[in-house]
Amino acid sequence: MDLQDSRNPQVKRPRAVIIGMMGAGKTRVGKEVAHMMRIPFADADVEIEREVGMKIPAYFDKYGEPAFRKVEADLIADFLEDFDGIFSLGGGAPMTPSTQDALADYIAAGGRVVYLDADPKEAMERANRGGGRPMLAGDANARWKKLYKQRDPVFREVANVLVHTRRQTPQVAARKVMDMISERRVHVTGTAIEPYDVVIGEGTMNHVTEVFGDTVNKVALIHTQPVQRHSDRARALLRQAGYEVSDIAVPDAEAGKTVEVANRIWERLGDEGFTRSDAIVGVGGGAATDLAGFIAATWMRGIRYANCPTSLLAMVDASTGGKTGVNTSAGKNLVGSFYTPAGVFADTKTLASLPNDIFIEGLGEVAKSGFIEDAEILRILEAHADELRAFDGATFLGSGLEDVVSELIERTVTVKVHHVSADLKEKGKREFLNYGHTLAHAIEKLEHFRWRHGNAVAVGTVYAAELAHILGYIDQDLVDYHRSLLSSLGLPTSWNGGSFEDVLALMHKDKKARGNMLRFVVLDGGPGNVIHLENPPADAVEEAFRRIRS
Ligand SMILES: NC(=O)c1ccc[n+]([C@@H]2O[C@H](COP(=O)([O-])OP(=O)(O)OC[C@H]3O[C@@H](n4cnc5c(N)ncnc54)[C@H](O)[C@@H]3O)[C@@H](O)[C@H]2O)c1
Ligand SMILES: O=C(O)C(=O)C[C@@H](O)[C@H](O)[C@H](O)COP(=O)(O)O
């Protein structure tokens, strides 16, 4: 994540600050992280010795601890505002109140303070090995233990990332630190929402074990076959954490989002004795997470669940916000409920197996979020259209594109969360997330769900733009921009199946419709300004349809 201050690009901030006890491995692990991330490393103690021109023990002898702490706090404050790398602090530094304040400001600006929680025995041995530590003078072990008792609670308070490194090599610990500092979190809260986080980044599936605590015994893992290897990972993590895991493979994609499949799962939960103290985890694309959430919402009138989305579309949209449901012969998503997950873990590692066309489909919902709220999303899509269109899971991890995609996921989820937090049950503002969906759901149904959802949404946004233009809400340039941006990403902008009559009948079944009145979401003036369009003239609805035929 770019921690440059957007208001003041001159301000640089460390990518992470590492704290921990003497001997915890702050320097060793910090250097390794910096090496892996190809960024500079700085150790506060080394920098202090450079600044004062003498070794720290000599400085302690000559001037005493308070003078040392003052020099240390000033130097840390400077580095927190002018160093773009990994910065490790001396063991006692976080105990100084002014440093605690400076670290709190750094965290508030998006910074990561990592507490390396090492094995006390190993850390003590390492700390004693070199000798020359003024804070360990006398009985070094007794001193170390006493300091640990004082410092450990403070370190936990000051840090926002805790990394356990017990019995781990510096390389393994560094990899763990790197994954955790690259994580992005979007917090979801609001009326009638039990707060939860959407955690984005490589390896974030590891957190799935943290959401249920010890009140849950059994976990049903609902997934599709193409993501078997990702659900195997979730299963291993959950088993290691002590949960009894039932593996439930469901038919892939929309074929799994049916009442018949849901019924088979309910029967299985019944046979296996799932009670209210048990939970569901959904692993897969949006169809699997919609189904998993629906099962959680309905089993015993609601048990806890978490989502591990593995497609771009599920990461940016489907897994968050609590819309759960299935399709029926009446139409898409007409049966379901609003039911909030306990956590969402968008592990970008899983994108390595995602086929190119399914990745591109997800960009349909990303662009939609750019049109309705966050114009920066549109700029990022424009700037990286060629790389995004050429997405290849085999070369994705560790590439520059991974950072771009992580930012797009974070921004798109943030747009979603703004709407969901304000209006969980979709009485007004949340409907804006449905931009392009009135036509999209009709296309999906008429195509017997062989058209991918994100592709249908892309065409649906062009339709909504045409309708808005016909009625004078937006100019032709913005309609053209919809087409050019979406096609540059490899998304469709026209559809030639079905008749207008069939589409119209289905649009009347859209959940935004009221009685016989069609309701759409359209832009008014430009991106970011969204309005409800109620009962538009019938000829405009038809003319817009004509314009999306190629
Ligand atoms: N609940 C919501 O708010 C919400 C929002 C948007 C979309 N949705 C729903 O989400 C569904 C679309 O989601 P989708 O686009 O993910 O489709 P999908 O769930 O059908 O997944 C697409 C395909 O990709 C496979 N796949 C997923 N991740 C993979 C991976 N990492 N590696 C290999 N294969 C992988 C799936 O198994 C499937 O074959 C639709 O049903 C839509 O209605 C729901
Ligand atoms: O979360 C929402 O609200 C949305 O409308 C998000 C949409 O992008 C998503 O496709 C959702 O599944 C549509 O739901 P529906 O209520 O129109 O069925």
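What you see is a predicted model; the values in this text were computed from it and never measured.

Is there a simple way to think about the overall build of the chain in this case?
Within the chain, the secondary structure is distributed over 22 helices and 16 strands. Projecting the C-alpha coordinates of the chain onto the three principal axes gives extents of approximately 90 × 60 × 40 Å. Counting all 550 residues of the chain, 54% fall into the buried class. For the chain, long-range pairs separated by at least 24 residues make up 74% of all intrachain contacts whose partners lie at least 6 apart in sequence. Of the roughly 22800 Å² of accessible surface on the chain, a fraction of 49% belongs to carbon and sulfur atoms. Once the 65 positive and 76 negative side-chain charges of the chain are each reduced to a mean point, those two points are 5 Å apart.

Quick question: what am I supposed to make of the nonpolar core here?
General note: in soluble globular proteins, nonpolar side chains tend to be found buried as a group. Membership of the largest hydrophobic core comes to 80 residues, with the highest contact counts inside it found for Leu-381 and Tyr-463. Per-element tally for this core: the top contributor is helix H19 (residues 453-470), with 10 residues. Both of domain 2 (183-354) and domain 3 (425-547) provide at least three residues apiece to this core. Here Tyr-463 is in contact with Leu-439, Met-507, Phe-520, Val-541, Ala-544, Phe-545 and Ile-548, once residues within four sequence places are set aside. In this structure, Val-17, Phe-60, Phe-79 and Phe-87 belong to the second largest nonpolar core, which totals 35 residues.

What's the story with the environment of Lys-425 in this structure? I'm lost.
For Lys-425, the position within the fold is in the loop between helix H17 (400-422) and helix H18 (437-446). Of the residues examined, Lys-425 reaches a relative accessible area of 47% and is grouped as partly exposed. Along the chain, Lys-425 and Glu-373 lie 52 residues apart, while their C-alpha atoms are 20 Å from each other.

How do you make sense of the pairing of strand S4 (residues 113-117) when you look at a structure like this?
If a strand is regular, its side chains alternate between the two faces of the sheet. Of all five residues in S4, five are buried, a share of seventy percent or more. Covered by surrounding structure in S4 are Val-113, Tyr-115 and Asp-117 together with Val-114 and Leu-116, the residues of both alternating faces. Here strand S1 (residues 16-19) pairs with S4 via three bridges, running parallel. Bridging across to S4, Ile-19 finds its partner in Tyr-115.

Honestly, the site of ligand 1 in this entry has me stumped. Any pointers?
Close contacts around ligand 1 come from 30 residues, with Asp-252, Glu-254, Thr-310, Ser-311 and Glu-361 the closest. Separating an oxygen atom of ligand 1 from a side-chain N or O atom of Ser-311 is a distance of 2.5 Å. Within the backbone of Ala-318, a nitrogen or oxygen atom sits 3.4 Å from a nitrogen atom of ligand 1. Within the complex, 94% of the 850 Å² of free accessible area of ligand 1 lies under protein. For the shell around ligand 1, the elements supplying multiple residues, two or more each, are helix H11 (286-298), helix H12 (312-318), strand S13 (331-338) and helix H13 (356-372). For the shell around ligand 1, the residue count by class is nine nonpolar, 10 polar and 11 charged.

Where do I start with the packing of helix H3 (residues 56-63) against helix H4 (residues 65-81) in this structure?
Packed helix pairs are characterised by how far apart their axes lie and by the angle those axes make with each other. Where H3 meets H4, the closest approach of the two axes is 7 Å, and the angle between their N-to-C directions is 125°. The angle between H3 and H4 places the two elements in the oblique class. On the side of H3, the interface is formed by Ile-56, Tyr-59, Phe-60 and Tyr-63, while H4 contributes Glu-65, Ala-67, Phe-68 and Val-71. Taken together, the residues of the contact of H3 with H4 break down into seven nonpolar, no polar and one charged.

Sorry if this is basic, but what is going on with the UniProt feature "binding site: Mg(2+)" (unreviewed entry) in the chain here?
UniProt records the feature "binding site: Mg(2+)" (unreviewed entry) for Thr-27 in the present numbering. With respect to the secondary-structure elements, Thr-27 resides in helix H1 (residues 26-37). Apart from residues lying up to four places away in sequence, Thr-27 is in contact with Phe-41, Asp-43 and Ser-88.

Can you walk me through the site of ligand 2 in this structure?
Neighbouring ligand 2 are 13 residues; Asp-317, Lys-323, Arg-430, His-437 and Lys-511 lie closest to it. Asn-333 has a polar side-chain atom sitting 2.9 Å from an oxygen atom of ligand 2. One of the side-chain nitrogen or oxygen atoms of Lys-511 is found 2.6 Å away from an oxygen atom of ligand 2. Here ligand 2, which alone exposes 430 Å², has 93% of that area covered by the protein. Of all the secondary structure elements, the ones that give two or more residues to the shell around ligand 2 are H13 and H18. Its residues assigned to classes, the shell around ligand 2 shows one nonpolar, five polar and seven charged.

Mind showing me how you'd approach the pairing of strand S11 (residues 304-309) here?
S11 sits mainly inside the fold: five of its six residues count as buried. Pairing of strand S10 (residues 279-284) with S11 involves six bridges; the strand directions are parallel. In the strand pairing of S11, Ala-279 is matched with Arg-304. For the handedness criterion, the β-α-β arrangement of S10, H11 and S11 is classed as right-handed. Summarising the sheet, S11 and strand S14 (residues 343-347) pair through two bridges and their orientation is parallel. Counted as the bridge partner of Asn-307 is Val-344 from S14.

Before we go on, may I ask you to explain the environment of Thr-340 in this structure?
Along the chain, Thr-340 turns up in the loop between S13 and S14. Expressed as a C-alpha distance, the spacing of Thr-340 and Pro-195, which sit 145 residues apart in the sequence, is 8.9 Å.

What should I look at first to understand the packing of H19 against helix H22 (residues 538-547) in this one?
H22 packs onto H19 with a crossing angle of 130° between their chain directions and a minimal axis gap of 9 Å. It follows that H19 is oblique to H22 by the angle criterion. Viewed along their axes, H19 and H22 form a crossing whose handedness is right-handed. Taking contact as the criterion, the partners of Tyr-463, Glu-466, Leu-467, His-469 and Ile-470 in H19 are, on H22, Ala-540, Val-541, Glu-543, Ala-544, Phe-545 and Arg-547.

Sorry, what's going on with the UniProt feature "binding site: Zn(2+)" (unreviewed entry) in the chain here?
Taking the numbering used here, the UniProt-annotated feature "binding site: Zn(2+)" (unreviewed entry) corresponds to Glu-365, His-437 and His-453. For this annotated set, covering 89 residues, all C-alpha atoms fall within 10.0 Å of each other, a compact arrangement in space. Here Glu-365 lies in helix H13. Glu-365 gets classed as buried once you look at its relative accessible area, which sits at 1%. Setting aside residues no more than four positions away along its own chain, Glu-365 makes contact with Leu-313, Val-316, Asp-317, Thr-412, His-437, His-453 and Val-457.

About the thresholds
- Residues numbered from 1 in each chain as written.
- Chains lettered and ligands numbered in written order.
- Predicted model: local features only at pLDDT ≥ 70, side-chain atom pairs only at ≥ 80, totals over all residues.
- Heavy atoms only, no water.
- Helix = DSSP H or I, 4+ residues; strand = E, 2+ residues; numbered from the N terminus.
- Buried < 20%, exposed > 50% of the residue type's maximum accessible area, 1.4 Å probe, protein only.
- Contact = heavy atoms within 4.5 Å.
- Areas by Shrake-Rupley, 256 points an atom, 1.4 Å probe, with all protein chains shown as cover.
- Lys, Arg positive; Asp, Glu negative; His and termini not counted.
- Charge placed at Lys NZ, Arg CZ, Asp CG, Glu CD.
- Core = buried A, V, L, I, M, F, W, Y, C linked by side-chain atoms within 4.5 Å.
- Domains from an automatic or database assignment.
- Pairing = 2+ DSSP bridges.
- Near = heavy atom within 4 Å.
- Polar contact = N/O pair within 3.5 Å; in protein donor to acceptor, adjacent residues only side chain to side chain.
- Nonpolar A, V, L, I, M, F, W, Y, C, P; charged D, E, K, R; others polar.
- Axes fitted to C-alpha atoms, helices over the stretch in contact; angles between N-to-C directions.
- Parallel < 35°, antiparallel > 145°, perpendicular 65-115°, else oblique.
- UniProt positions renumbered as here; feature names shortened; annotations may be inferred.
- Right-handed = clockwise from strand over helix to strand, strands pointing away.
- Left-handed = near helix turned anticlockwise from the far one by under 90°.

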